[in-house]
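Residues per chain, in single letters:
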Amino acid sequence: MKLAFVAALLLAGAAWWWLNQPMPLRLQPGSQVVDLEIEPGTRGVAALVVASGADVPEPLLQAWFRLSGQARQIKAGSYELVPGTSPRKLLRMLVRGEEALKSVTLVEGWTFTQVRAALQKAEQLTPESIGLSSEIIMQKLDRTGVHPEGRFFPDTYTYAKGSSDLAVLKRAARAMDKRLDAAWALRQPDTPLKTPEQALILASIIEKETGMAADRAEIGGVFINRLRAGMLLQTDPTVIYGLGAEFDGNLRKRHLQADTPYNTYTRAGLPPTPIAMPGKAALLAAVQPAPTQALYFVSRNDGTGRSQFSSNLDEHNRAVNKYLRSQSKP
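Residues numbered from 1 in each chain as written. Predicted model: local features only at pLDDT ≥ 70, side-chain atom pairs only at ≥ 80, totals over all residues. Heavy atoms only, no water.

Student: Explanation requested: the nonpolar core in the structure shown.
Tutor: Across soluble globular proteins, nonpolar side chains show a tendency to be buried alongside one another. Counting 46 residues, the largest nonpolar core has Leu 119, Phe 152, Leu 169 and Phe 223 as its most contacted members. With 9 residues, helix α7 (residues 165-185) is the single largest residue contributor to this core. Setting aside residues no more than four positions away along its own chain, Leu 169 makes contact with Phe 112, Val 115, Leu 119, Ile 137, Leu 141 and Phe 152. Met 23, Phe 65, Met 93 and Leu 94 belong to the second largest nonpolar core, which has 24 residues in total. (Core = buried A, V, L, I, M, F, W, Y, C linked by side-chain atoms within 4.5 Å. Buried < 20%, exposed > 50% of the residue type's maximum accessible area, 1.4 Å probe, protein only. Helix = DSSP H or I, 4+ residues; strand = E, 2+ residues; numbered from the N terminus. Contact = heavy atoms within 4.5 Å.)

Take a look at the structure:
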């Protein structure tokens, strides 16, 4: 009996040691991890772990999964085995579904074209949208007939390896819906904006016009004042957006005079769609602009990103002479 007891203790000790011992990994050249893909309905997970690159006896690993009572709780997904992963840590990771996540960042002020380019470059994100038109993409996102510009909230999105870029876009679209609804609920009672759509369009303009975050609310105030007064918005970013691929980096007088749906020098009111992705602060600046008498602003061109605000045209012309024309002289 004593020998059997001692043997049982030794066996238990050996099992405990093995469960907590880092598993040797067969790493591919240039890789620091072993990728493990478990598809839904997979049987023989222990065999899959060994085949993926864990250098451990498959029967032992299978026995551990079964005796733990958690084998049926193992979740499908994309996992990474890193050096130092023990059988105990492995099972905990698989049961909790602690997948290896990647991320992609969508930046405030980006256009939909830039968003698509970022998704195509994102690591291990399946590019299901490649070759699809914007219209088809929006259909797949259950937004048939909706223009894609500005419809996705700029943020960092995590995803499991192999996820679809359309899934990321759907999350970003839902995030923008939520942020826009929250901002619209906080709108000032006397805002000239009639719909959340108009708030989104104005927010996109504010996002593109803001060089310094501290000026954002006052820039919003300028545009709100102009809308109230029936003035042309006269904002360069909308003209540039309307030019599309024709814009070469230099905005010329002929561009400001050429009428397009996005030329706010020739057409009153807001453009027909957003021109970029606004962030949370720009959304709030559209619906809660700073109280100001300013109707104009111009960049100070002093490296700070700040703008100079003016309440009348004479003041604005002096500011333009000071900050732009004087600095452009040789």
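Student: When you look at the environment of Val 45 in this model, what are you seeing that I'm missing?
Tutor: Mapped onto the fold, Val 45 is located in helix α2 (residues 45-52). Considering only alpha carbons, one finds Val 45 and Ile 74, 29 residues apart in sequence, at a separation of 8.6 Å. Sequence-distant contacts of Val 45, defined by excluding residues within four places in its chain, comprise Ile 38, Phe 65, Ile 74 and Leu 94.

Student: Help me out: how do you make sense of helix α3 (residues 58-68) in this one?
Tutor: An α-helical turn contains 3.6 residues, so any two residues separated by three or four positions project in the same direction. Considered for burial, the residues of α3 that qualify are Leu 61, Trp 64 and Phe 65. Each buried residue of α3 lies within a common arc of 95° when the element is viewed along its axis, so the set occupies one face. Opposite the buried face of α3, by more than 90 degrees, sit the exposed residues Pro 59, Arg 66 and Leu 67. Just beyond α3, the residue with positive phi is Gly 69, at close to 80°. (Arc of directions from axis to C-beta.)

Student: Explanation requested: unusual backbone geometry in the structure shown.
Tutor: Negative phi is the rule for most residues except glycine; trans is the rule for most peptide bonds. Of note, Gln 124 is a non-glycine position whose phi angle comes to about 55°, a positive value. Among the residues examined, Gln 124 registers a relative accessible area of 38% and is labelled partly exposed. For Asp 142, which is not glycine, the phi dihedral falls at a positive 60°. With respect to the element layout, Asp 142 can be found in the loop between α6 (134-140) and β4 (156-160). When its relative accessible area of 65% is taken as the criterion, Asp 142 is described as exposed.

Student: Looking at this structure, how should I read the side chain of Ser 78?
Tutor: With respect to the secondary-structure elements, Ser 78 resides in strand β2 (residues 77-81). Here Ser 78 falls in the buried class, since its relative accessible area comes to 4%. Once you skip the residues sitting within four places of it in the chain, Ser 78 turns out to touch Leu 36, Glu 37, Glu 99, Ala 100 and Lys 161.

Student: Would you take a moment to explain the environment of Ala 122 for this structure?
Tutor: The residue Ala 122 is located in the loop between α5 (112-121) and α6 in this model. Among the residues examined, Ala 122 registers a relative accessible area of 11% and is labelled buried. Counting along the chain gives 56 residues from Ala 122 to Arg 66, while the straight-line C-alpha distance between them is 38 Å. Residues contacting Ala 122, with those up to four places away along its chain left out, are Val 104 and Tyr 159.

Student: So what exactly am I meant to see when it comes to the packing of aromatic side chains here?
Tutor: We describe a pair of aromatic rings using the distance from one ring centre to the other and the angle between the two ring planes. Applying the stated criterion across every chain yields a total of 4 aromatic pairs. For the pair Phe 112 and Phe 152, a centre-to-centre distance of 5.5 Å together with 15° between the ring planes defines the contact as stacked. Residue Phe 112 is located in helix α5, and its partner Phe 152 is located in the loop between α6 and β4; the two are separated by 40 residues in the primary sequence. Measuring from ring centre to ring centre gives 5.9 Å for Phe 297 and Phe 309, while their planes differ by 40°; the resulting arrangement is tilted. Taken together, the residues span a long stretch of sequence, with Phe 297 in strand β5 (residues 296-299) and Phe 309 in strand β6 (residues 307-310) at a distance of 12 residues. Assigned by exposure class, Phe 297 and Phe 309 land together as buried. An aromatic cluster of three or more residues is present, and its members are Phe 223, Phe 297 and Phe 309. Note that Arg 226 overlies the ring of Tyr 296, its terminal NZ or CZ placed 4.8 Å from the centroid. (Phe/Tyr/Trp six-rings, centres within 6.5 Å; stacked < 30°, edge-to-face > 60°. Lys NZ or Arg CZ within 6 Å of the ring centre and 35° of its normal.)

Student: Please clarify how the packing of helix α9 (residues 216-229) against helix α12 (residues 280-287) should be interpreted in this entry.
Tutor: To describe two helices that pack against each other, one gives the angle between their axes and the distance between the axes. Following both chains from N to C, one finds α9 and α12 inclined at 40°, their axes separated by 8 Å at the closest point. Relative to α12, the element α9 is oriented oblique. Judged by the sense of rotation from one axis to the other, the crossing of α9 with α12 is right-handed. Residues Arg 216, Ala 217, Gly 220 and Ile 224 of α9 form the contact with α12, whose own contacting residues are Ala 281, Ala 282, Ala 285 and Ala 286. For the contact of α9 with α12, a count of residues per class yields 6 nonpolar, 1 polar and 1 charged. (Axes fitted to C-alpha atoms, helices over the stretch in contact; angles between N-to-C directions. Parallel < 35°, antiparallel > 145°, perpendicular 65-115°, else oblique. Left-handed = near helix turned anticlockwise from the far one by under 90°. Nonpolar A, V, L, I, M, F, W, Y, C, P; charged D, E, K, R; others polar.)

This is a description of form; function is not addressed.
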